[in-house]
Amino acid sequence: KILLASIVIFVICLGLHIFIWRWWCPRNRAVALLIIFIIIPSMAGVIIAGFDWFGFIADIMNVSRTGWLAVYLLHFAISAGYILSYPAVEAVSPSLALSLIIGDSDKKGLLYKELSHYFSTKALLQPRIHELLEAELIAESNGYLGITRRGIVLVNCFILLRKLLGLPTGRG
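Residues numbered from 1 in each chain as written. Predicted model: local features only at pLDDT ≥ 70, side-chain atom pairs only at ≥ 80, totals over all residues. Heavy atoms only, no water.

Draft legend 1. Molecular detail of a nonpolar patch on the surface. Together, Leu16, Phe19, Trp23, Trp24, Val31, Leu34, Ile35, Ile39, Ile40 and Met43 give the surface a local cluster of nonpolar side chains, amounting to about 1,000 Å² of exposed area. Sorting elements by how many residues they give to the nonpolar patch places helix α2 (residues 29–53) first, with 6 residues. Relative to the helices and strands, tryptophan 23 resides in helix α1 (residues 2–23). Of the residues examined, tryptophan 23 reaches a relative accessible area of 68% and is grouped as exposed. (Patch = residues over 30% accessible without salt bridge, like charges linked within 9 Å, V, L, I, M, F, W, Y side chains within 5 Å. Areas by Shrake-Rupley, 256 points an atom, 1.4 Å probe, with all protein chains shown as cover. Salt bridge = Lys/Arg side-chain N within 4 Å of Asp/Glu carboxyl O. Helix = DSSP H or I, 4+ residues; strand = E, 2+ residues; numbered from the N terminus. Buried < 20%, exposed > 50% of the residue type's maximum accessible area, 1.4 Å probe, protein only.)

In structure tokens, the structure reads:
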């Protein structure tokens, strides 16, 4: 029951996410995802728990209060994984693009040199720069790009995480 309830809540949030993105793509997508997948289910859970506490509703799906805590924790884990992987889904993956280009070619395939006209530095960099500017992680001034305070905080968090994982800074 706990697994089923968590999946149902996640699918409802995913449906809301898809609906919102189809009609209006928010500027700050990370915050929108946090609201859709974490804040709204949390608020709904608190409201439902309040109604349950005062006896206005019977047990939902015959799951105890402790069970609902487990449902939310599992939903939180699934949602956190989705939110963290979403930028990779949204980004243009050169490996995926190469696979699609080669897959669309004739049976012989493509020569290595034929692939070079599909990619440019601008095509790979420009979307990332645009996203960083939109998220206010970098700013442009007189043609120069610089990191903002928000960007510094984010970079320092990643540096700390990499140190905790024993990874060198700036490499995979």
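What follows picks up the thread again.
Draft legend 2. Focus on the packing of α2 against helix α3 (residues 65–90). Two numbers describe how α2 lies on α3: the axes approach to 9 Å, and their chain directions differ by 170°. Our classification of the angle between α2 and α3 gives roughly antiparallel. Contacts between α2 and α3 involve Arg29, Leu33, Leu34, Phe37, Ile38, Pro41, Ser42, Asp52 and Trp53 from the former and Arg65, Tyr72, His75, Phe76, Ser79, Tyr82, Ile83, Tyr86 and Glu90 from the latter. By residue class, the composition of the contact of α2 with α3 is 11 nonpolar, 3 polar and 4 charged. (Axes fitted to C-alpha atoms, helices over the stretch in contact; angles between N-to-C directions. Parallel < 35°, antiparallel > 145°, perpendicular 65-115°, else oblique. Contact = heavy atoms within 4.5 Å. Nonpolar A, V, L, I, M, F, W, Y, C, P; charged D, E, K, R; others polar.)

It is worth stressing that arrangement in space is one thing and function is another; only the former is reported here.
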